[in-house]
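Close look at the chain arrangement
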Amino acid sequence: HTPMPVIVVTERDPQGAPVLAEGEEVCHTQVDTDLYRQGLHEGIGTLYITSARVLWLARDDGAKGYAIDYPTISLHAVLRDTTGFGRPCIYCQLSSVETVGNDTTEPEEVMELHLAPLATESCIPVREEERLG
């Protein structure tokens, strides 16, 4: 069985932000973001988009957090339909592909994440904001 692409993160720096790898930089921070993993609410926390991965750290549980390396995100989109999560959200489909030698196997299971910021305007892509503005 291939491991799923979500890595549990428990370590934080003294300010509560994620501990970054050497050369990794935070490109965007979004507070008050609900995380749904496989449709189950994981809690509210802070979303960090870095130069290497996506991280979400729970607000009320200092030992709860997740990291997703970019290569495991097979699809992402903005969902404007509010019926599932009450507000627009960012949808990510994750898959793990196992490589053995030169052979690549298809993922055994696909994981879905929904990231729903309370500040829903943060879900609008920059190019669309420019077009609407």
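Above this text sits the structure in question.
Being a predicted model, the structure only gives us computed values, none of them experimental. (Residues numbered from 1 in each chain as written. Predicted model: local features only at pLDDT ≥ 70, side-chain atom pairs only at ≥ 80, totals over all residues. Heavy atoms only, no water.)

Here the focus is the pairing of strand 3 (residues 40–50). In terms of residue burial, strand 3 counts as a mostly covered element, since eight of its eleven residues are buried. Judged from the nine bridges that link them, strand 2 (residues 26–37) and strand 3 form a sheet pairing that is antiparallel. Bridge pairing links Thr 29 to Tyr 48 in strand 3. With antiparallel pairing between neighbouring strands as the criterion, strand 2 and strand 3 make up a hairpin whose turn holds two residues, including Gln 38 at a positive phi of roughly 55°. Across five bridges, the pairing between strand 3 and strand 4 (residues 53–58) is antiparallel. The partner of Thr 46 across the bridge, within strand 4, is Leu 57. Adjacent in sequence and paired antiparallel, strand 3 and strand 4 are bridged by two residues. (Buried < 20%, exposed > 50% of the residue type's maximum accessible area, 1.4 Å probe, protein only. Helix = DSSP H or I, 4+ residues; strand = E, 2+ residues; numbered from the N terminus. Pairing = 2+ DSSP bridges.)

With a phi angle near 50°, Asp 32 is a residue other than glycine that sits in the positive phi range. Inspection of the secondary structure assignment puts Asp 32 in strand 2.

Enumeration according to the criterion identifies six salt bridges in this entry. Linking Asp 34 and Arg 87 is a salt bridge whose minimum nitrogen-to-oxygen distance equals 2.2 Å. Here Asp 34, found in strand 2, pairs with Arg 87, found in the loop between strand 6 (73–79) and strand 7 (89–95); they are 53 residues apart in sequence, far enough to count as distant. Side by side, Asp 34 and Arg 87 carry an identical accessibility label, which is buried. Close ionic contact of Glu 42 with Lys 64 constitutes a salt bridge, the shortest N to O distance being 3.2 Å. Separated by 22 residues along the polypeptide, Glu 42 in strand 3 and Lys 64 in the loop between strand 4 and strand 5 (65–69) bring together distant segments of the chain. For Glu 42, a relative accessible area of 16% puts it in the buried group. By relative accessible area, Lys 64 is classed as partly exposed at 22%. Overlapping salt bridges, with partners in common, bring together Asp 32, Arg 59 and Asp 60 in one network. (Salt bridge = Lys/Arg side-chain N within 4 Å of Asp/Glu carboxyl O.)

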